[in-house]
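# Observations on the three-dimensional arrangement
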Amino acid sequence: MEGSLSVIGYGLAAIGGGIGVGLIFAAYMQSVARQPESQRVLQPLLFMGFAVVEALAILGLVLAFIK
């Protein structure tokens, strides 16, 4: 990696991923606390959302190394 712009870009991608994962898990915990019987329905959606957010953060890392 050369230049500071790619490093800054990956840093922003990592921050965004961290915030996204935090929001996803917070919403899941809040909804299961309100309706515990919905856990079986919401858990696959939780992991799908987690995977998408992490894939976007990894894509930011890859793009930082390409430049």
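Preceding this section is the structure that the text describes.
These remarks concern the structure in this document. (Residues numbered from 1 in each chain as written. Predicted model: local features only at pLDDT ≥ 70, side-chain atom pairs only at ≥ 80, totals over all residues. Heavy atoms only, no water.)

### Side note on the packing of aromatic side chains
Under the convention used in this document: In this scheme Phe, Tyr and Trp rings, the latter by its six-membered ring, pair at centre separations within 6.5 Å, and the angle between planes marks the pair as stacked below 30 degrees, edge-to-face above 60, and tilted otherwise. Strands here mean DSSP runs of E at least two residues long; helices mean DSSP runs of H or I at least four residues long; both are numbered from the N terminus. Exposure classes here rest on a 1.4 Å probe applied to the protein chains alone. A residue is buried below 20% of its type maximum, exposed above 50%, and partly exposed in between.
Tallied over the entire structure, the rule returns one aromatic pair. Ring geometry for phenylalanine 25 versus phenylalanine 50: centroids 5.8 Å apart, planes at 70°, classification edge-to-face. Here phenylalanine 50 lies in helix H2 (residues 39-66) and phenylalanine 25 lies in helix H1 (residues 4-34), a separation of 25 residues in the sequence. For phenylalanine 25, a relative accessible area of 29% translates into the label partly exposed.

### Section: the environment of leucine 61
By secondary structure assignment, the location of leucine 61 is in helix H2. Taking the C-alpha atoms as reference points, leucine 61 and glycine 9, separated by 52 residues in sequence, lie 8.5 Å from one another.

### Section: the environment of valine 62
Following the sequence through the fold, valine 62 ends up in helix H2. It is 18 Å that separates the C-alpha atoms of valine 62 and phenylalanine 50, two residues lying twelve residues apart in sequence.

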